[in-house]
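As a plain string of letters, each chain reads:
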Amino acid sequence: MFNLRQLPYNKDSMGDFLTPETFDYHYGKHHQTYVTNLNNLIKGGEFENAELYDIIKKSSGGLFNNAAQVYNHDFYWDCIAPNDTNMSDELKNAIDAEFGSLDKFKEQFIQASTTLFGAGWCWLVYNPDTTKLEIIQTSNAATPITEDKVPVLVVDVWEHAYYIDHRNARPSYLEKFFAHINWNFVSKAYEWAKKEGINSIRFYTNDIHKK
């Protein structure tokens, strides 16, 4: 059985980026619903005692959608922070090498996040095959895990992530998101990705959802 993870900060700590009302709906209702649905769908089946990572990799349909959305949201909450955080030199060098500079990365990341049609996610991932960082879009519940790419950073661009605070102004939400990125977490995710590859995802999910 899976539980809704705890937030790593207070829901009133994000100022005008995300208000407590957004957390009440996005975290307290949407994320909780994915967890509840996942538990109901695995009950009595082959995935009843499976780890979240394995469910995402091996399932399909509604079961996959809910399992992937549990992970996607888990990771999203860790990617944001109330206060300024520091990026590691290792991550900065990798971003500079792949995108030219942090400013150019921001421009490309926000562009990809803004132009994703409909609901979904925009990710910075580590590709173990090329050892490089990539920006990718996924629609609905899709996640880079299925492509064996390791998430380093994600922004949620489903409307329920920002509509309460920013209405339909996705670019405004994305600007504030970028100002609230938890670079400390993202740096660690990149470090884990380089050291452990795909296994770093399993370590992450198992740490949150201890069996």
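Here the structure is a predicted model, which means the values were calculated and not measured.

Trainee: I would appreciate a short explanation of the overall build of the chain in the present structure.
Mentor: When you go through the chain residue by residue, the secondary structure sums to nine helices and three strands. Taken from the N to the C terminus, the helices and strands of the chain come in the order α-α-α-α-α-β-β-β-α-α-α-α. Taking 2.2 N^0.38 as the reference for a compact globule, 211 residues should give roughly 17 Å; the C-alpha atoms of the chain span a radius of gyration of 16 Å, in line with that estimate. Looking at the chain as a whole, 50% of its 211 residues qualify as buried. Across the chain, the fraction of contacts at a sequence separation of at least 24, relative to all contacts at a separation of at least 6, is 70%. Taken as two groups, the 20 positive and 28 negative side-chain charges of the chain have centres that lie 2 Å from each other.

Trainee: Sorry if this is basic, but what is going on with the pattern of salt bridges here?
Mentor: Enumeration according to the criterion identifies 12 salt bridges in this entry. Between E51 and R202 there is a salt bridge whose closest N-O contact spans 2.7 Å. Of this pair, E51 sits in the loop between α1 (20–42) and α2 (52–58) while R202 sits in helix α9 (residues 199–208); the two residues are 151 residues apart in sequence, bridging distant segments of the chain. Using a relative accessible area of 26% as the deciding quantity, one classes E51 as partly exposed. Classification of R202 as partly exposed rests on a relative accessible area of 23%.

Trainee: How do you make sense of helix α7 (residues 170–179) when you look at a structure like this?
Mentor: In an α-helix there are 3.6 residues to a turn, and that puts residues three or four apart on one side. Considered for burial, the residues of α7 that qualify are R170, Y173, L174, F177 and F178. Angularly, the buried residues of α7 cover 135° about the axis, an arc narrow enough to put them on a single face.

Quick notes on the rules
- Residues numbered from 1 in each chain as written.
- Predicted model: local features only at pLDDT ≥ 70, side-chain atom pairs only at ≥ 80, totals over all residues.
- Heavy atoms only, no water.
- Helix = DSSP H or I, 4+ residues; strand = E, 2+ residues; numbered from the N terminus.
- Rg over C-alpha atoms; globule rule 2.2 N^0.38 Å.
- Buried < 20%, exposed > 50% of the residue type's maximum accessible area, 1.4 Å probe, protein only.
- Contact = heavy atoms within 4.5 Å.
- Lys, Arg positive; Asp, Glu negative; His and termini not counted.
- Charge placed at Lys NZ, Arg CZ, Asp CG, Glu CD.
- Salt bridge = Lys/Arg side-chain N within 4 Å of Asp/Glu carboxyl O.
- Arc of directions from axis to C-beta.

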